[in-house]
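Examining the three-dimensional arrangement
One-letter residues, chain by chain:
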Amino acid sequence: MKRDNRKIALIGTGMVGMSYAYALLNQSVCDELVLIDVNRERAVGEAMDLNHGLAFSGSSMKIYAGSYRDCTDADIAVICAGVAQKPGESRLNLLKRNMTVFQSIVDPITASGFNGIFLVATNPVDVMTHITCAISGFNPRRVLGTGTALDTARLRYLLGEYLRVDPRNVHAYVIGEHGDTEFVPWSQAMVATKSVSALCDESHGSVCAGDLEKISEEVRTAAYKIIEAKNATYYGIGMAMTRITKAILGDEHSVLTVSAMLRGEYGQNGVFVGVPCIINQNGIQRVLTLDLNDEELKKLDQSCQTLKRCYEELDD
Ligand code: NAD
């Protein structure tokens with residue numbers, strides 16, 4: 001009997017990469033996981049460490065430190081490699097250095113004959129996803145970034161707590177840049193099929209717009225707070241990446257807020273930004289266009305303009 005071998009190539013075995021790998025193992029998401037890092041010793045050590053947990057996992061994953069040649073038959077190439085900001089370094093300079101890093105990663109992946117889907121987590125994730133698409137020459141529907149998937153999970157958690165509803169029954173999204181210009185289109189937020197604004201109207205003041213704005217501010221600033229407390233964020237993003245991976249490998253057609261190239265949707269063109277998309281085995285099956293109001297469309301436009309400027313600055 002032929003059995004499909006679900007294979008993931010993970011590039012960057014730092015905190016984010018390994019939180020993702022750990023979640024993959026615990027959720028038995030794939031059959032083969034190859035770890036690649038410029039620091040090969042680290043990748044070898046991480047593979048050993050994970051392999052030693054196999055006996056307790058109920059999974060029979062094949063895990064090893066490999067090279068870009070191993071990407072040939074991978075279903076997904078996941079990139080969370082990057083260099084950290086040096087003291088006093090400008091955002092643009094950091095971006096240029098990460099672009100060089102991506103060149104050294106994406107070129108050998110495509111040269112290996114890789115014909116799968118790229119998933120990018122390195123920050124600034126929307127711009128790094130755009131860069132991956134440009135270097136690889138892949139169809140943009142096969143190149144996606146984690147976008148606002150984690151921000152959306154944070155929103156659902158906080159909104160669930162506030163409304164005392166299971167977050168799985170909260171349908172609300174954070175969209176736009178994964179960063180300062182992201183926002184919540186409240187006109188589209190629902191609990192089951194009831195709009196949050198109707199809940200506000202009926203609540204006699206116990207649910208109010210001011211509290212909702214505080215929640216979206218908390219989502220926007222969550223990463224800063226975690227970094228202040230523990231220097232980096234990795235578990236949440238690792239789980240968000242695992243969720244996206246499951247949607248791809250399982251051909252789920254699930255709606256997730258990933259960074260996707262807009263080609264006319266929301267009146268935008270040629271920019272990668274976090275929006276709800278239907279994800280299946282081919283990557284982005286379709287970008288969902290929400291019925292945003294004028295104010296929300298303006299906010300999304302501001303976010304897209306910020307990202308476009310950032311990408312264009314790289315040419316200067
Ligand atoms: P880290 O420093 O722990 O790991 C980075 C890894 O990349 C290291 O192992 C390093 O050796 C490797 N690397 C560097 N240059 C490389 C190259 N040329 N080829 C192969 N590997 C190379 O960093 P981290 O905490 O794991 O974060 C990784 C990235 O994820 C950062 O850009 C971070 O900002 C981002 N991040 C994104 C989100 C999100 O929501 N998208 C959330 C958290 C972190």
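Since this is a predicted model, take the numbers as computed values, not measurements.

1. Remarks on the site of the ligand
In the vicinity of the ligand lie 20 residues, with Val16, Asp37, Ala121, Asn123 and Thr146 positioned nearest. Between the ligand and Ser104, the relevant distance is 3.4 Å, taken from a nitrogen atom to a side-chain nitrogen or oxygen of the residue. Within the side chain of His178, a nitrogen or oxygen atom sits 3.1 Å from an oxygen atom of the ligand. Burial of the ligand by the protein chains amounts to 80% of its free accessible area of 870 Å². Mapped by element, the contributors of at least two residues to the shell around the ligand are α1 (15-26) and α3 (91-111). Examining the composition of the shell around the ligand, we find that three residues originate from one element, α3, more than from any other. Tallied by class, residues from the shell around the ligand come to nine nonpolar, nine polar and two charged. If you count residues domain by domain, the shell around the ligand takes at least three from each of domain 1 (7-145) and domain 2 (149-315).

2. Structural notes on the side chain of Ser303
Along the polypeptide, Ser303 turns up in helix α9 (residues 294-313). Taking relative accessible area as the criterion, Ser303 reaches 0% and is therefore assigned buried. Reaching out from Ser303, the side chain makes a polar contact with the backbone nitrogen of Glu177 at a distance of 2.8 Å. In contact with Ser303, not counting residues within four places along its chain, are Gly176, Glu177, Thr181 and Glu182.

3. Considerations on the domain arrangement of the chain
For the chain, the assigned domains read domain 1 (7-145) and domain 2 (149-315). If you average the C-alpha positions of domain 1 and of domain 2, the two centres end up 23 Å apart. Listed as interface residues are 38 residues of domain 1 and, on the opposing side, 36 residues of domain 2. Taken together, both faces of the contact between domain 1 and domain 2 bury some 3200 Å²; the carbon and sulfur share is 70%. The largest contributions to the domain 1 side of the interface with domain 2 come from Asp126, His130 and Arg141, which together make up 25% of the buried area.

4. With respect to the pattern of salt bridges
The final tally for this structure, using the stated rule, is 11 salt bridges. For Asp211, the salt bridge goes to Lys214, with nearest N and O atoms at 3.9 Å. Here Lys214 and Asp211 lie together in helix α7 (residues 209-230), a separation of three residues that amounts to about one turn. Owing to a relative accessible area of 23%, Asp211 belongs among the partly exposed residues under this scheme.

5. Notes on the nonpolar core
One broad rule of soluble globular proteins: the nonpolar side chains tend to lie buried together. Ranked by size, the top nonpolar core spans 83 residues in total, and within it Leu33, Phe118 and Ile279 carry the most contacts. Counting the residues that make up this core, at least three belong to each of domain 1 (7-145) and domain 2 (149-315). Ignoring anything within four residues of it in the chain, the contact list for Leu33 reads Ile8, Leu10, Ala21, Leu24, Leu50, Met61, Lys62, Ile63 and Tyr64. By size, the runner-up hydrophobic cluster in this structure holds 17 residues, among which are Val170, Trp186, Val196 and Cys200.

Definitions and cut-offs
Every chain's residues receive numbers from 1 upward, in the order its sequence appears when written. Reporting in this predicted model follows two pLDDT cut-offs: at least 70 for local features of residues, and 80 or more for side-chain atom pairs to be given and counted; totals over whole chains, interfaces and linings ignore these cut-offs and use all residues. Hydrogens and water molecules were not included; the side-chain quantities draw on all heavy atoms of the structure. Near is defined per residue: the residue qualifies when any heavy atom it owns lies within 4 Å of the molecule or strand. Nitrogen and oxygen atoms within 3.5 Å of one another constitute a polar contact, given that in protein one can donate a hydrogen and the other can accept it, and given that sequence-neighbouring residues count only through two side-chain atoms. The protein chains shown are the only cover counted for residues, whose accessible areas, like all others here, come from Shrake-Rupley with a 1.4 Å probe. Note on conventions: DSSP H or I runs of at least 4 residues are helices, E runs of at least 2 residues are strands, and numbering of each starts at the N terminus. When residues are sorted by character, Ala, Val, Leu, Ile, Met, Phe, Trp, Tyr, Cys and Pro go into the nonpolar class, Asp, Glu, Lys and Arg into the charged class, and all the rest, Gly among them, into the polar class. Delimitation of the domains relies on an automatic or database domain assignment. Residue exposure (1.4 Å probe, protein chains only): buried if accessible area is under 20% of the type maximum, exposed if over 50%, otherwise partly exposed. Residue contacts are counted whenever heavy atoms from the two residues lie within 4.5 Å of one another. Summed over both partners, buried area is the accessible surface (1.4 Å probe) that two parts give up on being assembled. Only one rule defines a salt bridge in this text: a Lys or Arg side-chain nitrogen within 4 Å of an Asp or Glu carboxyl oxygen. Only buried residues count toward a nonpolar core, which is a set of Ala, Val, Leu, Ile, Met, Phe, Trp, Tyr and Cys residues joined through side-chain atoms within 4.5 Å.

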